Amino acid sequence: MDAWIPTLLQWLALPQHGLGTVFAVSLMSATLLPMGSEPVVFGLVQLHPDWFWSVIAVATAGNTLGGAITWWMGHAASHIAHRYGHSANHVRALAWLNRLGPKACLLSWLPVVGDPLCAVAGWLRLPFWPCLAYMALGKCLRYITMTALLTGLVRLW
């Protein structure tokens, strides 16, 4: 099983596949897989500083699509989750998400809780398109902020 990892890493090598790599890693990192896309985004911006906005746009698109996939996973799993989730914390969190509605997806950029938040939004059957718009906005702002900060830190160093 481990034989495919070097092949995947070679295929995703930044200089050869650039924006495709950013899209793929951003998409995968927005699902429930435990990975981050910021190093790939930052790496490509360091290799091609003039591609800053293109990299941000592609990363945002991939990460938003991954969030949409996670939303649909939550939507599909909603009938199963109704059987198991009745703890006080669970009920409080659901009430908070219901109160915020699709605006809660603006927080989908947060580490650890952002991706599950997209799944819960789907599970609660919050409206898809407004959720997607808030996901895109939050994720875009995260990529702009993180990449600009990291680029500035590298220049200071």
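Structure report, in brief. Bear in mind the structure is a predicted one, so any value in this text is a computation, not a measurement.

What counts and how
Residues numbered from 1 in each chain as written. Predicted model: local features only at pLDDT ≥ 70, side-chain atom pairs only at ≥ 80, totals over all residues. Heavy atoms only, no water. Core = buried A, V, L, I, M, F, W, Y, C linked by side-chain atoms within 4.5 Å. Buried < 20%, exposed > 50% of the residue type's maximum accessible area, 1.4 Å probe, protein only. Helix = DSSP H or I, 4+ residues; strand = E, 2+ residues; numbered from the N terminus. Contact = heavy atoms within 4.5 Å. Phe/Tyr/Trp six-rings, centres within 6.5 Å; stacked < 30°, edge-to-face > 60°. Patch = residues over 30% accessible without salt bridge, like charges linked within 9 Å, V, L, I, M, F, W, Y side chains within 5 Å. Areas by Shrake-Rupley, 256 points an atom, 1.4 Å probe, with all protein chains shown as cover. Salt bridge = Lys/Arg side-chain N within 4 Å of Asp/Glu carboxyl O. Polar contact = N/O pair within 3.5 Å; in protein donor to acceptor, adjacent residues only side chain to side chain.

**Brief notes about the nonpolar core**
In terms of nonpolar packing, the biggest core is built from 11 residues, these being Val 22, Val 25, Val 40, Val 41, Leu 44, Val 45, Phe 52, Val 55, Ile 56, Ala 59 and Tyr 143. Elements represented by at least two residues in this core include exactly helix H2 (14-29), helix H3 (38-47) and helix H4 (52-81). Excluding its chain neighbours within four sequence positions, the residues that come into contact with Tyr 143 are Ser 26, Ser 37, Val 41, Ile 56, Ala 59, Thr 60, Asn 63 and Ala 148. Counting 10 residues, the second-largest nonpolar core is a separate cluster that includes Trp 71, Leu 126, Cys 131 and Met 135.

**Observations concerning the environment of Ile 144**
Relative to the helices and strands, Ile 144 resides in helix H7 (residues 128-156). Residues in contact with Ile 144, not counting those within four places in the same chain, are Phe 52, Trp 53 and Ile 56.

**Observations regarding the environment of Gly 66**
As for its position among the elements, Gly 66 is in helix H4. A residue is classified by how much of its surface remains accessible, and Gly 66, at 0% relative accessible area, is buried.

**Digging into the packing of aromatic side chains**
One pass over the structure, following the stated rule, counts five aromatic pairs. Considering the side-chain rings of Trp 71 and Phe 128, the 5.0 Å spacing of their centres and the 65° angle between planes classify their relative orientation as edge-to-face. Highlighted residues: Trp 71 in helix H4 and Phe 128 in helix H7, separated in sequence by 57 residues. The two residues Trp 71 and Phe 128 agree in class, both being buried. Here the aromatic rings of Trp 72 and Phe 128 are separated by 5.4 Å at their centres, their planes lie at 40°, and the arrangement is tilted.

**A short note on a nonpolar patch on the surface**
A cluster of nonpolar side chains, namely Phe 23, Leu 65, Ile 69 and Met 73, defines an oily patch on the protein surface of about 310 Å² accessible area. Among the elements that take part in the nonpolar patch, H4 stands out by supplying three residues, more than any other. Inspection of the secondary structure puts Leu 65 in helix H4. You can call Leu 65 partly exposed: its relative accessible area is 39%.

**Regarding the side chain of Ser 29**
Within the secondary structure, Ser 29 sits in helix H2. Judged by its relative accessible area of 6%, Ser 29 falls in the buried class. A polar contact of 3.3 Å, which involves the side chain of Ser 29, links it to the side chain of Asn 63. With residues near it in sequence (within four places) discarded, Ser 29 still touches Met 35, Gly 36, Ser 37, Asn 63 and Asp 115.

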